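What follows is the residue order along each chain.
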Amino acid sequence: MSPTESRAVQSQTKERIRHIVREHAGLGNAFDTVDSSTDLYRAGMTSYASVVLMIALENEFDLEFPDAMLSRNVFASVDSIATAIESLQQVEQ
Amino acid sequence: MSTPLRAIELPELAASKAFRQAVDIAAEHAEDVDRQGRFPSEAVAALRSADALSWGVPLEYGGAGAGIDDLAEATFELARRCAATGMIFAMHQIQVASIVRHMADSLWFRNYLKRVVREQRLIASATSEVGVGGDMRRSIAAVTPVSNSAGDMVQFEKRASTISYGAYADDLLTTLRSSPAADSGDQVLVLTHFADMEAKPSGAWDTLGMRGTCSPGFVVRATCLTDQILPASFSSIAAETMVPVSHILWAHVWLGIATDAFSRAQSFVRAQARQNPGTTPPTALRLSELSSRMAEFRALVHAATQEYASLADSERRAALSTIGYAVRINNLKIAASEAAVEACQSALGICGFAGYGNAGPYSVGRQLRDAHSAALMIANDRLHATNAALLLVYREGK
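What counts, and where the lines are drawn
Residues numbered from 1 in each chain as written. Chains lettered and ligands numbered in written order. Predicted model: local features only at pLDDT ≥ 70, side-chain atom pairs only at ≥ 80, totals over all residues. Helix = DSSP H or I, 4+ residues; strand = E, 2+ residues; numbered from the N terminus. Rg over C-alpha atoms; globule rule 2.2 N^0.38 Å. Buried ≥ 20, exposed ≤ 12 C-beta atoms within 10 Å, placed from the backbone. Pairing = 2+ DSSP bridges. Axes fitted to C-alpha atoms, helices over the stretch in contact; angles between N-to-C directions. Contact = placed C-beta atoms within 7 Å. Nonpolar A, V, L, I, M, F, W, Y, C, P; charged D, E, K, R; others polar. Parallel < 35°, antiparallel > 145°, perpendicular 65-115°, else oblique. Left-handed = near helix turned anticlockwise from the far one by under 90°. Domains from an automatic or database assignment. Expected span 1.5 Å × (residues − 1). Arc of directions from axis to C-beta.

**Looking at the overall build of chain B**
Assigned secondary structure in chain B consists of 12 helices and seven strands. Its C-alpha atoms give chain B a radius of gyration of 21 Å, near enough to 21 Å, the size a compact globule of 398 residues would have. When its C-alpha atoms are laid out on the principal axes, chain B stretches across 80 × 50 × 45 Å. Taking all 398 residues of chain B together, the buried fraction comes to 50%.

Shown next as structure tokens:
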């Protein structure tokens with residue numbers, strides 16, 4: 001993949017993640033202020049909502065997060081989720 | 001983070017003459033503390049004399065640099081004699097650990113730890129709040145900047161549903177929202193001195209058990225420096241320190257209570273056996289059953305302590321924030337709280353009416369009543385609900 005293509009895939013991944021976050025993180029109107037680096041927990045995501053988000057992400061990207069990745073840091077922002085998903089997709093390839 | 005240095009080995013701490021004295025004093029006053037529902041002031045004074053309130057403070061600040069296993073052993077020894085004293089010691093050490101492990105390079109907190117050592121200050125906590133339905137991870141009260149200050153002062157008012165030994169502590173660690181605009185889950189921990197704040201009890205503490213912890217509700221109001229806010233989010237303090245250390249030390253309190261009940265049942269069976277030399281009393285079989293349950297209980301508690309010790313100060317510290325660890329540490333709390341009640345119940349079955357009486361060497365009423373608090377301190381149902389959600393994504397053993 002060329003660097004341009006790779007960046008395009010990354011931004012596409014983040015857009016899909018944003019969509020899932022909007023649907024499942026339970027942020028309500030606070031979602032409007034979320035950018036890709038916003039701390040979702042500080043924005044109001046509960047632990048329970050984060051679990052729902054994880055399941056939705058596993059469905060959307062057809063993958064399973066290993067135990068070591070199931071931590072608060074990994075799901076703290078759209079950016080950190082994207083990094084985690086990309087690293088899992090690279091392993092699969 | 002400053003890593004507690006280990007120089008003094010456990011036997012020197014928990015076996016020190018001053019600590020053994022504190023244990024004996026806790027035993028001597030346990031019944032009176034329970035009956036009157038009063039603070040175990042004699043035992044806590046003895047713990048101060050033993051410098052035990054600063055065991056968890058790192059050596060570089062003058063403490064003993066005790067690890068989780070040292071603190072757990074001391075908690076267990078105290079709780080075997082007086083569960084209230086054991087619980088107060090445990091809760092204080094939880095607050096110390098939260099400060100030590102999350103104060104980063106805060107000068108204010110470094111100086112504060114030196115004061116804890118010098119003055120043997122007792123720290124209480126206000127993590128509960130009226131209106132959040134028992135969820136420690138949500139706050140209503142918020143840290144609010146003081147107008148007219150140079151931006152270095154904040155204030156808060158919190159209605160805490162319970163503050164254990166609040167009327168007897170020197171300092172208080174309070175969970176609050178990080179600002180008036182912050183989400184209920186965006187919390188910080190603030191340390192204030194009771195001498196510099198208002199704290200009004202909002203109810204009485206007249207309970208079935210754990211009567212000596214004296215844990216009524218309070219309305220607390222304080223103004224303090226921004227420096228008194230621990231420089232870490234409460235979510236990381238909770239995941240890496242407060243929750244695991246609480247569950248491990250509480251489990252040692254409950255193991256202590258159960259061990260006390262077991263010892264009483266064993267003394268009862270031996271007294272029966274002495275009455276009829278050559279025959280094994282029927283209660284001996286029940287005691288053997290209880291003995292095997294106690295072995296399970298100890299193994300459960302010790303394994304959790306070892307796992308935390310291996311992760312807490314290592315490069316694997318991040319593992320404490322994983323869902324798998326959260327599930328395991330919640331399981332410890334649930335299992336240990338249930339095991340303690342079952343053990344006391346079995347001991348009562350063995351001792352019969354001698355156990356049912358409120359006095360005498362075979363009485364297990366106090367132990368049974370104290371043990372019943374275990375399932376309620378952070379309700380087991382809440383932990384089951386949390387684990388039920390976490391197990392939707394966490395695949396155990398994978």
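Having seen the structure, we can now continue with the description.
**So, the sheet that holds strand S4 (residues 171-177) of chain B**
All names here are of chain B. If you walk across this open sheet you meet the three strands as S1-S4-S5, and the pairing is mixed. If you trace the sheet from one side to the other, it starts and ends with strand S1 (123-126) and strand S5 (187-193), each paired once. Adjacent strand axes in the sheet meet at a mean angle of 25° when their direction is disregarded. With four bridges joining them, S1 and S4 adopt parallel strand pairing. Residue pairing for S4: Ala 126 is matched across the bridge by Thr 174. Contacts from helix H5 (residues 83-102) reach S1, S4 and S5, with the element oriented near 85° to S1.

**Structural notes on the interface of chain A and chain B**
Listed as interface residues are 17 residues of chain A and, on the opposing side, 17 residues of chain B. A class-by-class count of the residues in the side of chain A that touches chain B yields nine nonpolar, five polar and three charged.

**A closer look at the packing of helix H8 (residues 283-312) of chain B against helix H9 (residues 323-351) of chain B**
Residues and elements named next belong to chain B. The contact between H8 and H9 brings their axes to 10 Å, and the two run at 160°. Considered as vectors, H8 and H9 are oriented roughly antiparallel to each other. In this structure, the crossing between H8 and H9 has a hand that is left-handed. Contact residues: H8 offers Thr 283, Arg 286, Leu 287, Leu 290, Arg 293, Met 294, Phe 297, Leu 300, Val 301 and Ala 304, while H9 offers Ile 329, Leu 332, Ala 335, Ala 336, Ala 339, Glu 342, Ala 343, Ser 346, Ala 347, Gly 349 and Ile 350. Looking at side-chain class alone, the contact of H8 with H9 contains 15 nonpolar, three polar and three charged residues.

**Brief notes about the domain arrangement of chain B**
All names here are of chain B. Per the domain assignment, the segments making up chain B are domain 1 (10-121), domain 2 (125-228) and domain 3 (234-390). The straight-line distance from the C-alpha centre of domain 2 to that of domain 3 is 30 Å. Of the residues lining the interface, nine residues belong to domain 2; the matching set on domain 3 comes to nine residues. Looking at which element gives the most residues to the side of domain 2 that touches domain 3, the answer is S5, with three residues. For the side of domain 2 that touches domain 3, the class distribution of residues is four nonpolar, four polar and one charged.

**A word on the sheet that holds strand S7 (residues 218-225) of chain B**
The strand order S2-S3-S7-S6 (chain B) describes an open sheet built from four strands, whose pairing is antiparallel. With one partner strand each, in any of the chains shown, strand S2 (144-145) and strand S6 (197-201) of chain B form the two edges of the open sheet.

**Some details on helix H6 (residues 107-119) of chain B**
All names here are of chain B. Look at H6: 18 Å from first C-alpha to last across 13 residues, which is about the 18 Å you get at 1.5 Å a residue. Taken together, the buried positions of H6 are Phe 109, Tyr 112, Leu 113 and Val 116. Down the axis, H6 shows its buried residues gathered within 105° of arc, on one side only. Exposed side of H6, more than 90 degrees from the buried face: Leu 107, Asn 111 and Arg 118 are the residues found there. Positive phi appears at Gln 120, one or two residues downstream of H6, with a value of about 50°.

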